[in-house]
Amino acid sequence: MTEATGPSSSVSALDSRRRAVVVAMAFKIALAMCFVVAIVVPLDHLEGKGMLFRFPLFMLSAVVVPLAWRGRFRPYPATADVLIVAPFLIDTLGNLAYVYDTFEATDDVLHTLNWILLVGAFHAWRYRRGGDAARLSRADAWLLGAGLGALAIVGWEAAEWIVAETGAGGGLDLTYDDTVADLVLSTTGGMIGSAIAVTLFPTRTT
């Protein structure tokens, strides 16, 4: 294994904590268990949520960081791992707990929050990876994260549209207003998440 080189960063300090990897694994196990319940237990409020379609896509979040890392530096990038899994866990828990249908604002709040976390995961990885990517000016780094967040929500909404049109995985109930709102809220969340991350995660120059 190779050691991480260059100046330390706030995110590398988080990754160095004793139980960082344990927390990352706990998030993945929790996500898997939520889908076991969602798929096996017949819950009426999950109809039209496309849980079968979501399952493989959401579980991909659990392997993104390990596959990208492959032991290239130490310690393991647990912060990025937690942040990329957390939005999918939150969304699945929200569906299981009937929160989306109980509180009208849930979808709006979580679209914003989840994109804050996803873009935070991107920056956590970027600052841990080091190299030229971690030396961008804060303005450029912010724009990079915000742009990635915008691309991610466009891709997600396109995937949901395909599911709605084909009926795959049980189909989805979508409206034009929902789609536009999700695009705006998630892009805003990505902008906020990028601003937070480039403030908290940069390489220390001490």
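In case you missed it, the structure is sitting above this.
Residues numbered from 1 in each chain as written. Predicted model: local features only at pLDDT ≥ 70, side-chain atom pairs only at ≥ 80, totals over all residues. Heavy atoms only, no water.

### Considering unusual backbone geometry
At step 1: Along the chain, Arg74 connects to Pro75 via a cis peptide bond; the corresponding omega equals -5°.
At step 2: Topologically, Pro75 is positioned in the loop between α3 (51-69) and α4 (78-96).
At step 3: Positive phi is not limited to glycine here, since Arg70 has a value of about 45°.
At step 4: Looking at where Arg70 falls in the secondary structure, it is placed in the loop between α3 and α4.
At step 5: Owing to a relative accessible area of 59%, Arg70 belongs among the exposed residues under this scheme. (Helix = DSSP H or I, 4+ residues; strand = E, 2+ residues; numbered from the N terminus. Buried < 20%, exposed > 50% of the residue type's maximum accessible area, 1.4 Å probe, protein only.)

### With respect to the layout of surface pockets
One water molecule sets the probe size; rolling that probe over the atoms shows where empty space is left.
At step 1: Taken as a whole, the largest pocket spans an internal volume of roughly 1100 Å³.
At step 2: Lining of the largest pocket is provided by 43 residues; of these, Asp91, His111, Trp115, Trp156 and Glu160 occupy positions nearest its centre.
At step 3: Those elements that provide at least two residues to the lining of the largest pocket are α3, α4, α5 (99-102), α6 (106-129), α7 (138-166) and α8 (176-200).
At step 4: In terms of residue count, α6 provides more of the lining of the largest pocket than any other element does, 11 residues in total.
At step 5: When its residues are assigned to classes, the lining of the largest pocket shows 24 nonpolar, 7 polar and 12 charged. (1 Å grid on protein atoms, 1.4 Å probe; cavity = no way out; pocket = protein on both sides within 12 Å on 5 of 7 lines; lining within 4 Å. Points joined across faces, edges and corners; volume = space filled by probe spheres on them. Nonpolar A, V, L, I, M, F, W, Y, C, P; charged D, E, K, R; others polar.)

### Here's the deal with the pattern of salt bridges
At step 1: Counted by the stated rule, this structure contains 3 salt bridges.
At step 2: We note a salt bridge from Asp81 to Lys28, for which the minimum N-O separation is 2.7 Å. Placement of the pair is Asp81 in helix α4 and Lys28 in helix α2 (residues 20-40), with a sequence separation of 53 residues.
At step 3: Overall, the relative accessible area of 2% leaves Asp81 in the buried class.
At step 4: The buried category is assigned to Lys28, whose relative accessible area is 11%. (Salt bridge = Lys/Arg side-chain N within 4 Å of Asp/Glu carboxyl O.)

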